[in-house]
Amino acid sequence: MKVARTTAAGSLELAEAPEPPIRTGEALIELVYCGLCGTDLYKLADADRAPGEVLGHEVVGRVIASHADSLAPGDRVIAPHHAPCGDCRLCRSGAETMCSQFAENLLDPGGFSERLRLKARAVQRTVRKLDDGLADEAAAFVEPAACVLRGIDRADLRRKTPAIVVIGAGSMGLLHLLVVRAVSPGARIVIAEPDAGRRATARRLGADTVVPPDAIADLADPAKPQAGADAVFDTAGGQRAFDLALEVTRPGGRVVLFAHAAHDARVSFDINAVFRSERQVIGAYSGSPAEQARVLDLLHEGALDPTPLVTHRLPLDRAAEAVDLCRRREALKVLLHP
Ligand SMILES: [Zn+2]
Ligand SMILES: [Zn+2]
């Protein structure tokens, strides 16, 4: 079967791989779509990782063989790659994505593959069947939208009309816009983005205010403590975005860090902007099966439609082109297919 595997030069190339045999409790799917994600790009840029890896975890597929009671050939499914144990101290305290079992990749070999083996724990915990009416393109967003929903939950939006700022209008920034709208329809959403084309997309997708990052501080008036955002989602990362995020968060509000950071990345900040103003800085990492289930409900209900974020659909043999498109910021979401 064909796979797109990582190269030493930090890109993807087509290769042949043996089809993985399935055992009791497992299933084999053929790929329909796998989204190329910022995490894949982050891993591709990591010089410490050995080449030859099959990445990809935003998987929609069709079951072609099953040794599990819950799945039958022909079933159309989503197959997120991580599952918590559900029973350890971290899982019981709501930190499921920190569970020691969560890191295991339950997809063999990975999403950028013609066919994939779903390990038994994936079949039990994360694989879900799709209703006939749901588009494959929409289902490919269950995993990334669950990550976004986790951050939104952690922001604990209590008001009916929360003031939200999203820093960055790449695919994850725009997905924040759409998921916030789906779960908090009265939210007022400001997006800060340097690229004019992406600002236009953010406006088209329903952001209330879209500004370049330099202009965003003008929106918050420090003389009025009720002004400023209840929650800021930083999908860009780095010192400048962090400074902006703290600056536009109201006293007592929350900054949610969503972007991947390099191993030794640091920021500095004014301690009183957190201590004296009771702001909270929160991390949100990945999504749990509960969040994936809620996203699937939002998609099935029609409350969430992320398909406008799909800018490209490319076959696996053009995976390198997909990587280039994302690195040049010419694509939002690229979906790869066999
Ligand atoms: Zn992802
Ligand atoms: Zn656990």
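Remember, predicted model here, so these are calculated numbers, not experimental data.

With respect to the overall build of the protein chain
For step 1, the next point in the chain: Of regular secondary structure, the protein chain possesses twelve helices and 16 strands.
For step 2, the next point in the chain: The C-alpha atoms of the protein chain give 20 Å as radius of gyration, which agrees with the globular expectation for 338 residues (20 Å, within 12%).
For step 3, the next point in the chain: Taken over the C-alpha atoms alone, the protein chain extends approximately 65 × 40 × 40 Å along its principal axes.
For step 4, the next point in the chain: Expressed as a percentage of its 338 residues, the buried residues of the protein chain come to 47%.
For step 5, the next point in the chain: Long-range pairs, those at least 24 residues apart, make up 69% of the contacts in the protein chain with a sequence separation of at least 6.

Focus: helix α12 (residues 319–327)
Side chains that are three or four residues apart share a direction in an α-helix, a result of its 3.6 residues per turn.
For step 1, the next point in the chain: Restricting attention to buried positions, one finds in α12 the residues A319, A322, V323 and C326. Across the axial projection of α12, the buried residues extend over an arc of 100°, all falling on one side.
For step 2, the next point in the chain: Residues of α12 that are buried in the fold lie against β1 (2–6), β2 (12–16), β3 (27–36), α1 (38–44), β15 (310–315) and β16 (333–337).
For step 3, the next point in the chain: Just downstream of α12, R329 is the residue with a positive phi angle, here 60°.

Some thoughts on the sheet that holds strand β9 (residues 163–167)
Two pairing modes exist for strands in a sheet, parallel and antiparallel, and in both the strands are linked by backbone hydrogen bonds.
For step 1, the next point in the chain: Read across the sheet, six strands follow the order β11-β10-β9-β12-β13-β14 without closing on themselves; strand pairing throughout is parallel. Two strands bound the open sheet, and with one partner strand each, they are β11 (209–211) and β14 (280–283). Looking at each pair of strands side by side, their axes are set apart by 20° on average, direction ignored.
For step 2, the next point in the chain: Strand direction decides the pairing type here: β9 and strand β10 (residues 188–192), joined by five bridges, are parallel.

Points about the pairing of β16
For step 1, the next point in the chain: Extensive coverage of β16 is indicated by the burial of four of its five residues.
For step 2, the next point in the chain: Across three bridges, β3 lies against β16 in antiparallel orientation. Bridging across to β16, C34 finds its partner in L336.
For step 3, the next point in the chain: Of the pairings in the sheet, the one linking β15 to β16 comprises five bridges and is parallel in character. Pairing of P315 across the sheet is with H337, part of β16.
For step 4, the next point in the chain: Handedness of the crossover joining β15 and β16 through α12: right-handed.

Some points on the domain arrangement of the protein chain
For step 1, the next point in the chain: Under the domain assignment used here, the protein chain contains domain 1 (2–141 + 306–337) and domain 2 (149–283).
For step 2, the next point in the chain: One C-alpha centre belongs to domain 1, the other to domain 2, and the line joining them spans 28 Å.
For step 3, the next point in the chain: Taken together, the nine residues of domain 1 in the interface contact nine residues of domain 2.
For step 4, the next point in the chain: A total of three residues in the side of domain 1 that touches domain 2 trace back to one element, the largest contributor, which is α1.
For step 5, the next point in the chain: Tallied by class, residues from the side of domain 1 that touches domain 2 come to five nonpolar, two polar and two charged.

Comments concerning unusual backbone geometry
Generally, phi is negative for residues other than glycine and the peptide bonds are trans, each holding for most cases.
For step 1, the next point in the chain: With omega at 5°, the peptide bond leading from D108 into P109 counts as cis.
For step 2, the next point in the chain: Checked against the element boundaries, P109 lands in the loop between β6 (107–108) and β7 (115–118).
For step 3, the next point in the chain: You will see that D156, though not glycine, has its phi angle at about 50°, which is positive.
For step 4, the next point in the chain: Following the sequence through the fold, D156 ends up in the loop between α5 (142–155) and β9.
For step 5, the next point in the chain: Notably, S286 is not glycine yet its phi reads approximately 60°, a positive angle.

Rules of the game
Once a new chain begins, its residue numbering starts again from 1 and follows that chain's sequence as written. Chain labels run from A onward and ligand labels from 1 onward, assigned in the order the entries are written. A pLDDT threshold of at least 70 governs which residues receive local features in this predicted model, and a stricter bar of 80 or more applies before side-chain atom pairs are shown or counted, although totals over entire chains, interfaces and linings include all residues. Secondary structure elements are defined from DSSP: runs of H or I of at least 4 residues count as helices, runs of E of at least 2 residues count as strands, and each element is numbered from the N terminus. For this measure, only C-alpha atoms enter the radius of gyration; the expected value for a globule follows 2.2 Å times N^0.38, where N is the number of residues. Three exposure classes are used. Buried residues have 20 or more other C-beta atoms within 10 Å of their own C-beta, exposed residues have 12 or fewer, and partly exposed residues fall in between, all C-beta atoms being placed from the backbone. Once C-beta atoms are placed from the backbone, any two residues with those atoms within 7 Å are in contact. Working note: the arc is built from the helix axis to C-beta atom directions. For two strands to count as paired, DSSP must find a minimum of two bridges between them. Fitting a line to C-alpha atoms yields each axis, with helices limited to the stretch in contact; the angle taken between N-to-C directions then spans 0 to 180 degrees. Here the term right-handed applies to a crossover when the path leading from its first strand over the helix to its second strand runs clockwise, the strands being oriented away from the viewer. Boundary definitions for the domains trace back to an automatic or database domain assignment. Classes in brief: Ala, Val, Leu, Ile, Met, Phe, Trp, Tyr, Cys and Pro nonpolar; Asp, Glu, Lys and Arg charged; the others, Gly included, polar.

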